[in-house]
Amino acid sequence: MTNSKYIPEEEIQRQMTLCDALYKEIHPRHLTFFVETFGCQMNVRDSETIKGILFRAGYSESESKETADLILFNTCCVRDHAEKRLMGNIGALREQKEANPALIVGICGCMMQQEGMAKKILKRFPHVSLVFGTNVVFRLPQMLAAVLGGERVALTNEEDFAIAEGLPQLRDNVRSAFVNITFGCNNYCTYCIVPFVRGRERSRSMADIRTEVEALCANGITEITLLGQNVNSYANDLEEGSFAELLTLLNDVSNLKRLRFMSSHPKDLNDDVIMAIASNSHVCHHVHLPVQSGNDTILKRMNRKYTRAQYLEIIRKLRAAVPDIEFTTDIIVGFPGETEEMFRDTLSLVEEVGFAAAFTFAYSPRVGTAAAAMHDQVPEEVKKRRLQELNALQVRKTVENNAKYIGYEGEVLIEGCDVRTDETLLYGKYPNIKMVYFPGNPDRVNTYAKVRVLRPSKNSLIGEEIDG
Ligand code: 5AD
Ligand code: SF4
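I will try to describe carefully the structure that is included in this document. Sequence positions are assigned chain by chain, starting from 1 and proceeding in written order. Written order determines the labels here, with chains lettered from A and ligands numbered from 1. Confidence filtering applies because this is a predicted model: local features only for residues at pLDDT of at least 70, side-chain atom pairs given and counted only at 80 or more, and all residues used for totals across whole chains, interfaces and linings. With hydrogens and water set aside, each side-chain value is computed from the structure's full complement of heavy atoms.

1. Side note on the sheet that holds strand β10 (residues 223–227)
We apply this condition: One requirement defines pairing of two strands: DSSP has to find at least two bridges between them. A run of DSSP states H or I qualifies as a helix once it reaches four residues; a run of E qualifies as a strand once it reaches two. Both are numbered from the N-terminal end. Lines fitted to C-alpha atoms define the axes here, with helix axes fitted over just the stretch in contact, and angles between the N-to-C directions of these axes take values from 0 to 180 degrees. Contacts are assigned to residue pairs that have any heavy atoms within 4.5 Å of one another.
Taking strand neighbours across the sheet as the criterion, the three strands line up as β7-β10-β11 in an open arrangement whose pairing is parallel. The open sheet has two edge strands with one neighbour each: β7 (176–180) and β11 (258–262). Here the average twist between neighbouring strands, direction ignored, is 25°. Pairing of β10 with β11 involves five bridges; the strand directions are parallel. The partner of T225 across the bridge, within β11, is R260. Across the sheet, helix α2 (residues 41–56) touches β7, β10 and β11, and the angle it forms with β7 is around 95°.

Printed below as a string of structure tokens:
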């Protein structure tokens, strides 16, 4: 028994029946789709479900946007000037639609959840016939049937933000898969739009997650990344279970070699999670732990609910329990009210922790969030300068961190070969996320190799394969 609300099975079934009816119309895959995804892994994951539904409805994936019969933009609104860019992208499809009146242009994802956006798009772009939000993907068959029948459809999230299980998926990575464990977020960090566009946190059941992971691993996937806005609060809305228990439950799935997760909120990363990372052999020694700022006043104004000292204590404990662990982080500079001195606290934290990598952002006000209404906004040129200074520091720290890897040995999952420089230069990651380049046969992509580090390079490591 759980508290999470689910879309009723009969409704999912109804949608799939509609899909199968479309399949007969579209069969034998004479129509193609092109889905372009913006934003985070959550959106990448949503696009896999969207593509799965389109495939079940009889569409195949198009080689290019120009030749597609259905073009869908899956949007993001977390940062930057994404709206302007999206409008440009949609406008650019006008001619293609004129040349091919049967073309379906659709827009979906986070940005479509913003107040008035769906209406605005339909009004401004007559060539768009499909608009939908983040939590109604399961209704795509019904929407598609209406659009193919000549209607223009706009559907944003339903009030209850229920979880839809059992939808088809089209994943193109053969070695690695993302698996959702929670949807939405309850944290309301004052700069963040996510809780408004993705709703309150809902956890999937441990059993559903385990079944999905087992099925993926039975089909050749060996690396799983568990996804949630805050994986550490997994199961807070359920009657039983916890993130630590979930890691332990998944660790022994047959054929699974690597279990990753992101993102972790420092306020919920407790000792049980630390134990679970240290004691489960397949859990990777990497934690993406967004710090956002190194200054307590800013952290408070961001509503992050931890202090600099508490953050550093988590890092200390994790390093004590898991010696080769690496950390990556997200940092925002120029949050409202951030003085030069407060920014220096962020620099000193980055200096102290030594992150393997940092994703750094200039604060960008999001309409409707608390921080956007704060009076002491920081000028753009100050944000830009702070960002440059922070990035320069992180480059130096990455180089410093790489130097300690000389002689390090470990297993690498080969992700690709560097075609720009040398066909035979393979690259892949150690479990703790460090990237290494080494000579080898391109046939080895998607397999594992044991690699020793010979020397550091600026952003990564150079090594050689050992033991054959
Ligand atoms: N401005 C800048 N960065 C932001 N992020 C989220 N919202 C904003 C914003 N309004 C960053 C945070 C978060 C990452 C996914 O994006 O660092 O961790
Ligand atoms: Fe946004 Fe904070 Fe939730 Fe992350 S934890 S999605 S930053 S509100």
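Further notes follow.
2. Quick look at the side chain of T134
Which entries qualify depends on this criterion: With a 1.4 Å probe rolled over the protein chains alone, any residue whose accessible area is under 20% of its type maximum counts as buried; one over 50% counts as exposed, and the rest are partly exposed. Any pair of N or O atoms that falls within 3.5 Å is considered a polar contact. Within protein, one atom must be able to donate a hydrogen and the other to accept it, and sequence-neighbouring residues count only if both atoms are side-chain atoms.
Looking at the secondary structure, you find T134 in the loop between β5 (130–132) and α6 (140–148). What makes T134 buried here is its relative accessible area of 10%. Of the polar contacts made by the side chain of T134, one reaches the backbone oxygen of V197; its length is 3.2 Å. Sequence-distant contacts of T134, defined by excluding residues within four places in its chain, comprise G109, C110, Q113, N157, V197 and R198.

3. Examining a negative patch on the surface
To keep it simple, the criterion reads: Patch membership is restricted to residues that have no salt bridge and whose relative accessible area is over 30%. Joining uses 9 Å for like charges and 5 Å for the nonpolar side chains Val, Leu, Ile, Met, Phe, Trp and Tyr. Here the accessible surface of atoms and residues is derived via Shrake-Rupley with a 1.4 Å probe, and residues count as covered only by protein chains that are part of the display. Each reported salt bridge corresponds to a side-chain nitrogen of Lys or Arg within 4 Å of a carboxyl oxygen of Asp or Glu. None of His or the chain ends enter the tally, which takes Lys and Arg as positive and Asp and Glu as negative. Each charge is placed at NZ for Lys, CZ for Arg, CG for Asp and CD for Glu.
Taken together, the side chains of E239, E240, E245 and D272 present a region of like negative charge at the surface. As for its placement among the helices and strands, E240 is situated in the loop between β10 and α9 (243–251).

4. Considering the nonpolar core
The following threshold applies: Think of a nonpolar core as a cluster: buried Ala, Val, Leu, Ile, Met, Phe, Trp, Tyr and Cys residues, connected wherever their side-chain atoms sit within 4.5 Å.
If you look at the biggest cluster of nonpolar residues, it comprises 55 residues, and the most contacted ones within it are I224, L226 and F243. Ignoring any residue separated from it by four or fewer positions in sequence, one finds F243 in contact with I181, L226, V231, N232, Y234, F261 and V273. By size, the runner-up hydrophobic cluster in this structure holds 25 residues, among which are I50, L54, A57 and Y59.

5. Structural notes on the site of ligand 1
Heads up, the condition is: By convention in this text, a residue qualifies as near a molecule or strand provided that one of its non-hydrogen atoms is within 4 Å of it.
Taken together, the residues surrounding ligand 1 are V78, R79, Y191, Q292, D330, I332, F361, A362, Y363, S364 and R366. Here an oxygen atom of ligand 1 and a side-chain polar atom of Q292 are 2.7 Å apart. At the level of elements, β13 (326–333) and β14 (357–362) are the ones that each hand at least two residues to the shell around ligand 1.

6. Section: the sheet that holds strand β1 (residues 32–37)
Strands sit in the order β2-β1-β3-β4-β5-β6 across an open sheet of six strands; the sheet is parallel. A single partner strand is all that each edge strand has here, and the edge strands are β2 (60–61) and β6 (153–155). Relative to β2, β1 runs parallel, the two being bridged by two bridges. Its bridge partner being in β2, T32 is matched across the sheet by S60. Here α2 sits on the sheet in contact with β1, β2, β3 (70–75), β4 (104–109) and β5, set at roughly 170° to β1. Helix α3 (residues 82–91) rests against β3 and β4 of the sheet, and its axis sits at about 180° to β3.

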